[in-house]
Amino acid sequence: MAATTKPNVSINVHHVTRVEGHGNIVVDVKKGVLEKCDLEIVETPRFFEAMLRGRPYDQSSHITSRICGICAVGHATASLRATETALGVEPSEQTRLLRQLNFYGEILDSHILHAYMLVAPDFLGVGSVIPLAKTAPDVVLRALRMKKLSGDLCKIVSGRHTHPIAMTVGGFTHFPTSAELLDLREQLEAARADLDATVELFQTLDFPAFERETEYIALRQDDEYAWIDGVIASTDGGTWPLEQYRDVTNEYMVPHSTAKRAKNQRESYMVGALARFNVNYDLLHPQAKKAAAALNLAPVCHKPYMVTAAQVVEIVHAVEDSIRLTDELLERGIEWEEPVPPSRLSGEGVGSCEVPRGILFHNYNIEDGIVVGANCIIPTNQNLQNIEDDMRALVPTILDRTKDDITLALEMLVRAYDPCISCSTHLLDVKFV
Amino acid sequence: MQPTTQLVLGLGNTLRGDDGAGAAVIEALDKRADVPADVRLVDGGTPGLETVLILQGCARVIIVDAAAMGLAPGAWARFNREDAKLRGTYGGLRGTLHGAGLAEALELGAALGILPGEIIIYGIQPHDVDWSVGLSEEVRRVLPDVCSAIIDDLKG
């Protein structure tokens, strides 16, 4: 189809579908020149950081887990690590193992939802999961089955499908039985067949090859693929201890967005599954590395549409490592441990986790057991400028397409990042003029 | 093989006043001696897409939930699925899936072809769905009648 080489294109996607939360894509091209390319976050601010002030230290994780229904475990875990660092609490090995297993439940739940129900429909030529259910019901049933297993995992370990009520400062208030862990292990093993089918399906999807050199930021540990704790690492080089997170995030406001932006060694950076893959590839489970090879994903990958492929790799890793953890817990035998008490009631701490969408920071100041200050930096915030920079680089290369096709390419780009917009709009500074 | 199980599924959030009506009906049915043997009683909590998996394999499901029907508090009604106007959340399954509810679960189930042959929905008009535990007097008063009507359906 012939088109003018210097077209005018005006795109305004109000409330992008198949992402969590509300965001608009606004693109304006005049005579082939990109004049405007904005990702507008229009979600209302939610004031969680202010909500924590004045609350007793042991409520923070329960309050912040309500920031989100899909990353509730992630927020709770980062919150607990911040509080424990501030108040001198060293969790036991059993607590560490249980928290990691619980964490995998959420990674699986979120990645499966995103890959199967938010991204796959675009590639399979359908508008949503409903027509997909009609043309490929076994695919959708598989996704639901895997999601259910993830939720059941969280319920066994932390007491609920969503909002990990049994997790507390210093440990747990409730523990899984051996019978529950054995049953879980059986289900995880059975899920391997679903994993193979998942890799096979996503092998058939034609991920756009758009590439833009990007800085990737993720947690790094010496001997395991990092999810909870570690140092901040960058593919551009450099590591930072968690206490220096602000040196990495450098948050700032933009006029067209209720969510803040971030930048480090370039104008923007990416966090999330692809960032983790790029930073920690060497520490992936062998089965996960096989899946990466099958999906033509190798580090360091600078193709944003490949985030979904990285998520599939992480789904494989999460199931395999969950089997390992369950075995270890069964061999040790679960002990009903009391939570470790704080060694002091005042202090400052930073907790960090790699939640499904990327690196999350919770930073608390606690005085005499009461939270007096809180700062939460959300992965989606950190990605927003990178998404916009990607869009800005992508649009000029696809101006020869129809407006509908350009729009779809941009929507798919935003969707690839798996943004959690409700999480990212948690603060607004109000200036009265 | 024809599925033979009957399911009564109570939905709703017990932390939100009369939205706990569904769970209360399940609890009340559980105490009754006249519930047929092939019936499964499930407190489904707040529904999501996975709710559709609970329905799979049943011949008949009866769903009980608080429902905004524009009636007086405590009034209740029985619907066949086709007659019930279930409003989707957040633009349904074409919007975001992070807020999927009963309407979306049923739509997905229909598309997958796994819905039970018979779906009956009981709606109970709430007095209050604010942040409190416990039912209003108007809703508590009608629970025995709702239970009896459900048992009639299960025996029919």
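Here the residue numbering is sequential within each chain, running from 1 through the sequence in written order. Naming scheme: in the order in which they are written, chains are lettered from A and ligands are numbered from 1. Since the coordinates come from a predicted model, pLDDT governs what is reported: local features require at least 70, and pairs of side-chain atoms require 80 or more to be given and counted, while whole-chain, interface and lining totals use all residues.

### A look at the nonpolar core
Residue and element names in this part refer to chain A.
Alright, step 1. The term nonpolar core means buried Ala, Val, Leu, Ile, Met, Phe, Trp, Tyr and Cys residues held together as one set by C-beta atoms within 7 Å. Counting other C-beta atoms within 10 Å of a residue's C-beta gives its exposure: the residue is buried at 20 or more, exposed at 12 or fewer, and partly exposed in between, where C-beta atoms are placed from the backbone. Formed by 168 residues in total, the largest nonpolar core has its most connected members in Leu274 and Val313.
Alright, step 2. The way it works is that DSSP assigns letters per residue, a run of H or I at least four long becomes a helix, a run of E at least two long becomes a strand, and they are numbered from the N terminus. Per element, the largest residue contribution to this core is 14 residues, and it comes from helix H4 (residues 93-123).
Alright, step 3. When residues of this core are sorted by domain, at least three fall in each of domain 1 (9-41) and domain 2 (48-424).
Alright, step 4. The contact rule is simple: place each C-beta atom from the backbone, and if two of them lie within 7 Å, those residues are in contact. For Leu274, the residues in contact, after removing those within four places along its chain, are Tyr216, Cys301, Met306, Val307 and Ala310. The domain limits used here are those given by an automatic or database domain assignment.

### Looking at the sheet that holds strand S10 (residues 347-355) of chain A
Residues and elements named next belong to chain A.
Alright, step 1. Taken in spatial order, the 3 strands make up an open sheet running S10-S11-S12, and their pairing is antiparallel. Sheet topology places S10 and strand S12 (370-377) at the edges, where each strand pairs with a single neighbour. With direction set aside, neighbouring strand axes in the sheet form an average angle of 15°.
Alright, step 2. In short, DSSP must find at least two bridges between two strands for them to pair. Sheet topology places strand S11 (residues 358-367) next to S12; 7 bridges connect them, and they run antiparallel. For helices, the axis comes from a line fit to the C-alpha atoms of the stretch in contact; other axes are also lines fit to C-alpha atoms, and the angle between any two N-to-C directions lies between 0 and 180 degrees.

### Considerations on the sheet that holds strand S2 (residues 39-45) of chain B
Residues and elements named next belong to chain B.
Alright, step 1. Read across the sheet, 5 strands follow the order S2-S1-S3-S5-S4 without closing on themselves; strand pairing throughout is mixed. The sheet is open, and its two edges are formed by S2 and strand S4 (76-80), each paired on a single side. Averaged over all pairs of adjacent strands, the angle between their axes in this sheet comes to 20°, without regard to strand direction.
Alright, step 2. Taken strand by strand, helix H4 (residues 137-155) contacts strand S1 (5-11), S2, strand S3 (58-66), S4 and strand S5 (118-124), and its axis lies near 170° from that of S5.

### Quick word on the domain arrangement of chain A
All names here are of chain A.
Alright, step 1. Here the domain parsing of chain A yields domain 1 (9-41) and domain 2 (48-424).
Alright, step 2. Residue-level contacts link 20 residues of domain 1 with 26 residues of domain 2.
Alright, step 3. Going through the elements one at a time, strand S1 (9-13), strand S2 (23-30) and strand S3 (33-41) are the ones with two or more residues in the side of domain 1 that touches domain 2.
Alright, step 4. If one sorts the elements of the side of domain 1 that touches domain 2 by residue count, S3 sits on top with 6 residues.
Alright, step 5. Class assignment of the residues belonging to the side of domain 1 that touches domain 2 gives a composition of 12 nonpolar, 4 polar and 4 charged. Amino acids are sorted into nonpolar (Ala, Val, Leu, Ile, Met, Phe, Trp, Tyr, Cys and Pro), charged (Asp, Glu, Lys and Arg) and polar (every other residue, Gly among them).

### Description of the packing of H4 of chain A against helix H11 (residues 307-332) of chain A
All names here are of chain A.
Alright, step 1. Between H4 and H11, the shortest axis-to-axis distance is 9 Å and the interhelical angle comes to 150°. By the criterion of interaxial angle, the relationship of H4 to H11 is roughly antiparallel. Considering only the axes of H4 and H11, their crossing is left-handed.
Alright, step 2. A per-class count over the contact of H4 with H11 returns 14 nonpolar, 8 polar and 4 charged. Working rule for angles: under 35 degrees goes down as roughly parallel, over 145 as roughly antiparallel, 65 to 115 as roughly perpendicular, anything else as oblique. Throughout, a crossing is termed right-handed when the near helix is turned clockwise from the far one, and left-handed when it is turned anticlockwise from it by less than a right angle.

### Comments concerning the confidence of the model for chain B
Alright, step 1. Residues at a pLDDT of 70 or more form 90% of chain B, whose mean pLDDT is 88.
Alright, step 2. Across the interface, the model reports ipTM at 0.80; the global pTM reads 0.89. A residue's pLDDT is simply how confident the predictor is in it, with values from 0 to 100.

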